[in-house]
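# Observations on the three-dimensional arrangement
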There are 2 protein chains.
Amino acid sequence: MSISVSSWEDDNKMSPLLALARKFNCFYLSGFRSSECKPFIVEGFQVGLISPKVMKHLINYPQVFHITNGCVELNPAFRDYNERSEKIDEVLKELREKNAFIALKGWRDECFEVSTAFGAPSLLKIDRSATCLFGVRNYGVSINGFINHPQKGKCIWFQKRSAAKETWPGKWDSMVSGGLSVGQGISQTAIKEAMEEASVPTDLLKKLTSAGCVSFYFESERGLSPNTEFVFDLETPIDFEPVCADGEVECFELLPVTKCVQKILAHDFKTTSAPVVLDFLIRHGVVTPENEPDFVKILELLHVPLQSIYGDRYRISKENGVGESMISV
Amino acid sequence: MSISVSSWEDDNKMSPLLALARKFNCFYLSGFRSSECKPFIVEGFQVGLISPKVMKHLINYPQVFHITNGCVELNPAFRDYNERSEKIDEVLKELREKNAFIALKGWRDECFEVSTAFGAPSLLKIDRSATCLFGVRNYGVSINGFINHPQKGKCIWFQKRSAAKETWPGKWDSMVSGGLSVGQGISQTAIKEAMEEASVPTDLLKKLTSAGCVSFYFESERGLSPNTEFVFDLETPIDFEPVCADGEVECFELLPVTKCVQKILAHDFKTTSAPVVLDFLIRHGVVTPENEPDFVKILELLHVPLQSIYGDRYRISKENGVGESMISV
């Protein structure tokens, strides 16, 4: 049986929050554009997906990428993590010089690990800006800062991203977030970002509470983003006000939870941060199965099975160059 | 591309909590035993799955079930909800008389709705004990009762099920839970069960907080259980003690959260209630990405996409009787 991830119903009957959950999962719900996108294979494992737009450029680097009808394989002759990372880095730097992709304009000199599943040994590292070209899973942390106000009830802090940011400039976002770079731990990243983006004092950071993660698969003009965000809650004193320490934030705003559904539905909210806030609103009893008709579907779309869509050992048939997944439904 | 839901790694490397998450998803991870189990079609939509063990009996009711190589279709000549429900009910009562299935020994005279997705119009109702014979999705509510103890920290209440219960007798369970029967609302069911199973007083019930839902697909000797549980948290005063009012509970126990992972891993814990407690432990920062190596996989296995595995319109080919899903990955 194939698992159907296609449209379940008429658009007209869909709630606005389900429409949003479908938007941040637009690539997941496209069926991974399976006729066009090809598995990206490293050391015999699928770790990503390559779109035709990217393929067109990789085809010029046959020493690095073995492209067949079935898949794109990183040259299996590369010996180890370092060699694989260096070879891809060279290609990416050349493509960046050539202005081949918008995504590479956001080059960060900050790498993400590439592996078959979260926590599995890393096969290579790749610049953060380039992960979407290969459809490799990326991981981040997000902090929902909130207060329990005696009159206004529970309120959530939001940040407005600086207009100078490469991605999502000027859009509203959760209070604090950041990507999980090579060598950085999850709490470590949360703490660092909380201090840099919102000047959260050390004693307050002790109250940072892990609350789960959300997984979704988004596609934009930059590329493919299978994204998992580790979610933290941080209850702050009523008089705490976040202040940006690194110039990446334009301003902060505090909103009662009753206004937060409208906030994340608005066009000026960063689509890929909506899952984090939506998850908060669900966990804290603001969005419930009784006020949200598509509650169950939304919960499932906040946790799509990214860890199992790639990662199986891939058999490369030497005869015809067509790869096939050894184990699948 | 097929979505792979097969084994991601060696069993030896798996954490105990991931092994548990795989256990309560044993059917999901089996790939739905797709070579043996056949879609169950009502009014042109797949609403369940039929195993060979069940098929063997349904084949004796050709007026009710049209069985082909491809699928099992409820006679499309049945006019409406009532006729469909009555016809299935007659068959089930006969099979119950014949002792055809263990599952039907738990006959409840309490029905569950059958539809293409949660909240979609119901196509028929079916006795609660029989849903697992048809692999139709079922829905329940569960309440995590907890206290914040000044010395012991956060503690969770558990119930031990009565030895007289038809399902999971004598097993440990979450404080309160119950199935969502025909005509019952979600909060309504939570409140009713809290009063019956734990004598929670009315004023305390005002603190009941919706916190999400978990979805998983379990198989037992009774049949196939694609299950979604709506999850509620209830913080109680330190001196509150649950007392069973309906004889279905043997006793209650209060445990510090630090001991709860061991509790749900033990053999005397009801497998299908573990997801609810595990979700609580994750949301409350007890199980974290830093103390649980398989955190991300576990989160995904607590929310498997049950709403999208069935539900597409099914095309019944009149020529050869082979059904095919119109939209699939």
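Residues numbered from 1 in each chain as written. Chains lettered and ligands numbered in written order. Predicted model: local features only at pLDDT ≥ 70, side-chain atom pairs only at ≥ 80, totals over all residues.

### Here we look at the overall build of chain A
For the record, the criterion: Labels follow the DSSP assignment, with helices taken as runs of H or I lasting at least four residues and strands as runs of E lasting at least two, numbered in each case from the N terminus. With C-alpha atoms as the basis for the radius of gyration, the globule rule is written as 2.2 Å multiplied by the number of residues raised to the power 0.38. Buried means a residue has 20 or more other C-beta atoms within 10 Å of its own C-beta, exposed means 12 or fewer, and partly exposed covers the counts in between; C-beta atoms are placed from the backbone. What counts as a contact is two residues whose backbone-derived C-beta atoms lie within 7 Å of each other.
Within chain A one finds 11 helices and 15 strands. In summary, chain A has a C-alpha radius of gyration of 21 Å against a globular reference of 20 Å for 329 residues, a match within 12%. Projecting the C-alpha coordinates of chain A onto the three principal axes gives extents of approximately 70 × 45 × 30 Å. Split into buried and exposed, the 329 residues of chain A put 49% on the buried side. The contacts of chain A with a sequence gap of at least 6 include a subset with a gap of at least 24, amounting to 67%.

### Regarding the pairing of strand β11 (residues 209-220) of chain B
All names here are of chain B. For clarity, the cut-off: Pairing between strands is defined by DSSP: at least two bridges between the two strands are required.
Across the 12 residues that make up β11, a large majority, 10, are buried. Bridge analysis of β11 against strand β12 (residues 223-235) gives 11 bridges, and the strand direction is antiparallel. Bridge pairing in β12 places serine 210 opposite phenylalanine 232. Adjacent in sequence and paired antiparallel, β11 and β12 are bridged by two residues.

### Some points on the environment of Gly179(B)
Residue and element names in this part refer to chain B. By secondary structure assignment, the location of glycine 179 is in strand β10 (residues 176-179). Along the chain, glycine 179 and glycine 140 lie 39 residues apart, while their C-alpha atoms are 4.0 Å from each other. With sequence-adjacent residues up to four places away left out, glycine 179 is seen in contact with Phe112, Arg128, Asn138 and Gly140.

### Regarding the sheet that holds strand β1 (residues 38-42) of chain A
Residue and element names in this part refer to chain A. Rule in force here: Angular values range over 0 to 180 degrees, each being the angle between N-to-C directions of two axes fitted as lines to C-alpha atoms, with helices fitted over their stretch in contact.
Ordered in space as β2-β1-β4-β3, the four strands form an open sheet in which the pairing is mixed. Here the strands that pair on one side only, and so sit at the sheet edges, are β2 (45-50) and β3 (65-67). Looking at each pair of strands side by side, their axes are set apart by 25° on average, direction ignored.

### Topic: the environment of Pro305(B)
Relative to the helices and strands, Pro305(B) is located in the loop between α10 (295-301) and α11 (306-309). Between the C-alpha atoms of Pro305(B) and Tyr217(B), which are 88 residues apart in sequence, the distance is 9.5 Å.

### Points about the domain arrangement of chain A
Residues and elements named next belong to chain A. So the rule is basically this: Each domain's limits were defined by an automated method or a database of domain assignments. We call Asp, Glu, Lys and Arg charged. Ala, Val, Leu, Ile, Met, Phe, Trp, Tyr, Cys and Pro are nonpolar, and the rest, Gly among them, are polar.
The domain architecture assigned to chain A consists of domain 1 (31-136 + 307-325) and domain 2 (138-304). Between the C-alpha centres of domain 1 and domain 2 the distance comes to 29 Å. At the interface, 18 residues of domain 1 touch 14 residues of domain 2. Residue assignment for the side of domain 1 that touches domain 2 shows that the elements contributing at least two residues are β5 (111-114) and α5 (131-134). Here the side of domain 1 that touches domain 2 is composed, by residue class, of nine nonpolar, four polar and five charged.

### Some remarks on the environment of Leu18(B)
Residues and elements named next belong to chain B. Mapped onto the elements of the fold, leucine 18 is located in helix α1 (residues 16-23). On the basis of neighbour count, leucine 18 is assigned to the buried category, with 20 C-beta atoms found within 10 Å. Separated by 278 residues in sequence, leucine 18 and valine 296 have C-alpha atoms that sit 9.7 Å apart. With sequence-adjacent residues up to four places away left out, leucine 18 is seen in contact with Asp294, Lys297 and Ile298.

### Some thoughts on helix α9 (residues 274-283) of chain B
Residue and element names in this part refer to chain B. Burial analysis of α9 places 10 of its 10 residues in the buried class, the great majority of the element. Turning to α9, its buried residues are Ala274, Pro275, Val276, Val277, Leu278, Asp279, Phe280, Leu281, Ile282 and Arg283. Of the residues flanking the end of α9, it is glycine 285, one or two places downstream, whose phi is positive at about 75°.

### What about the confidence of the model for chain A?
All names here are of chain A. In plain terms, the rule: What pLDDT reports is the predictor's confidence in each residue, on a scale of 0 through 100.
With 91% of its residues at a pLDDT of 70 or more, chain A has an overall mean of 91. Note on residues 1-11: pLDDT is under 50 here. Beyond four places in sequence and across chains, it has 37 contacts. Overall fold confidence (pTM) sits at 0.93, and the ipTM for the predicted complex is 0.93.

### Brief notes about unusual backbone geometry
Residues and elements named next belong to chain B. The phi dihedral of arginine 33 falls on the positive side, at around 35°, and the residue is not glycine. When you line up the elements, arginine 33 lands in the loop between α2 (26-29) and β1 (38-42). Overall, the presence of 14 C-beta atoms within 10 Å leaves arginine 33 in the partly exposed class. With phi around 50°, tryptophan 168 is a residue other than glycine that occupies positive phi space. Positionally, tryptophan 168 belongs in the loop between β8 (153-161) and β9 (172-174).

### So, the sheet that holds strand β2 (residues 45-50) of chain B
Residues and elements named next belong to chain B. Pairing is mixed in the open sheet, where four strands are placed in the order β2-β1-β4-β3. Looking along the sheet, the strands with just one partner apiece sit at the ends: β2 and β3 (65-67). Averaged over all pairs of adjacent strands, the angle between their axes in this sheet comes to 25°, without regard to strand direction. The sheet contact formed by β1 and strand β4 (residues 72-74) spans two bridges and is parallel.

### Focus: helix α4 (residues 81-97) of chain B
Residue and element names in this part refer to chain B. Formally: Helix span, as expected, comes to 1.5 Å for every residue beyond the first. It is the directions from the helix axis to the C-beta atoms that the arc portrays.
When the terminal C-alpha atoms of α4 are compared, their 24 Å separation across 17 residues agrees well with the 24 Å that a helix rising 1.5 Å per residue should span. Regarding α4, the residues found buried are Arg84, Ser85, Ile88, Leu92 and Leu95. Within α4, the buried residues cover an arc of 90° as seen down the axis, which keeps them to one side. Set apart from the buried face of α4 by more than 90 degrees, the exposed residues are Asn82, Glu86 and Glu97.

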